[in-house]
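Descriptive structure summary
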Amino acid sequence: MALKTVEHEHIKEILEALSLKSFTRPFAGLIDPGDFGTVGTYLPIYPEEYKKLPPNLQRHVYLIAPGRYGLICFLPRTFEAPDGGKVTEVATVFSAWGKMIKVSYKTDKGGDFETEHTIRQDKLLLYAKNKKLPVKTSVKISS
């Protein structure tokens, strides 16, 4: 799963479609429920606003949670640990069917974390690959 930030020209089109001069609302953070790391930042769109948008503009809006919509405006460039440390090792657990069910990591500051959001998991695994960090992989066989 990958997110894309919304280009400024599309935001202008959305504003025009909603008859708004600007979005006068705060940005919100999309946070990983596992380690509370930032997945991205979004501009909330109200459900009634989403319904007013034509389909070509609705495709730029993400479903953040049931009944919550938003325009993704910022994505961290690389994986960042919530304790500010550097990742030193990564561990993944797969089900017997090959589905990744757990991704955890340790930092040089002694932090031991687990990610749950698939986008953060992907960024973490790419970070580990680029930094040539050890990734311990195991398979959980359920009984």
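Everything in this summary refers to the structure shown in the same document. Values in this document were obtained by computation on a predicted structure and should not be read as measured data. (Residues numbered from 1 in each chain as written. Predicted model: local features only at pLDDT ≥ 70, side-chain atom pairs only at ≥ 80, totals over all residues. Heavy atoms only, no water.)

Time to look at the pairing of strand β3 (residues 62-65). Bridge count between β3 and strand β4 (residues 68-74): three bridges; the pairing is antiparallel. Bridge pairing in β4 links Leu 63 to Tyr 69. Counted between consecutive antiparallel strands, the loop separating β3 from β4 contains two residues, among which Gly 67 sits at a positive phi close to 80 degrees. (Pairing = 2+ DSSP bridges. Helix = DSSP H or I, 4+ residues; strand = E, 2+ residues; numbered from the N terminus.)

What follows deals with the pattern of salt bridges. For the coordinates displayed, the defined rule picks out four salt bridges. Here Asp 32 and Arg 120 are joined by a salt bridge, their closest N and O atoms 3.7 Å apart. Remark: Arg 120 occurs in helix α4 (residues 118-131) and Asp 32 occurs in the loop between β1 (28-31) and β2 (38-45); sequence separation between them is 88 residues. Accessibility classification places Asp 32 together with Arg 120 in one group, the buried group. In this structure, Lys 102 and Glu 114 form a salt bridge, with 3.8 Å as the shortest nitrogen-oxygen distance. Here the residue Lys 102 occupies a position in strand β6 (residues 100-107), and Glu 114 occupies one in strand β7 (residues 112-115), the gap between them amounting to 12 residues. By relative accessible area, which is 34% here, Lys 102 ends up partly exposed. A relative accessible area of 33% means that Glu 114 is categorised as partly exposed. One network of salt bridges, with partners in common, ties together Asp 32, Asp 35 and Arg 120. (Salt bridge = Lys/Arg side-chain N within 4 Å of Asp/Glu carboxyl O. Buried < 20%, exposed > 50% of the residue type's maximum accessible area, 1.4 Å probe, protein only.)

The next point concerns the sheet that holds β4. The antiparallel open sheet is built from four strands, whose spatial order is β1-β2-β4-β3. Two strands bound the open sheet, and with one partner strand each, they are β1 and β3. Here the average twist between neighbouring strands, direction ignored, is 55 degrees. (Axes fitted to C-alpha atoms, helices over the stretch in contact; angles between N-to-C directions.)

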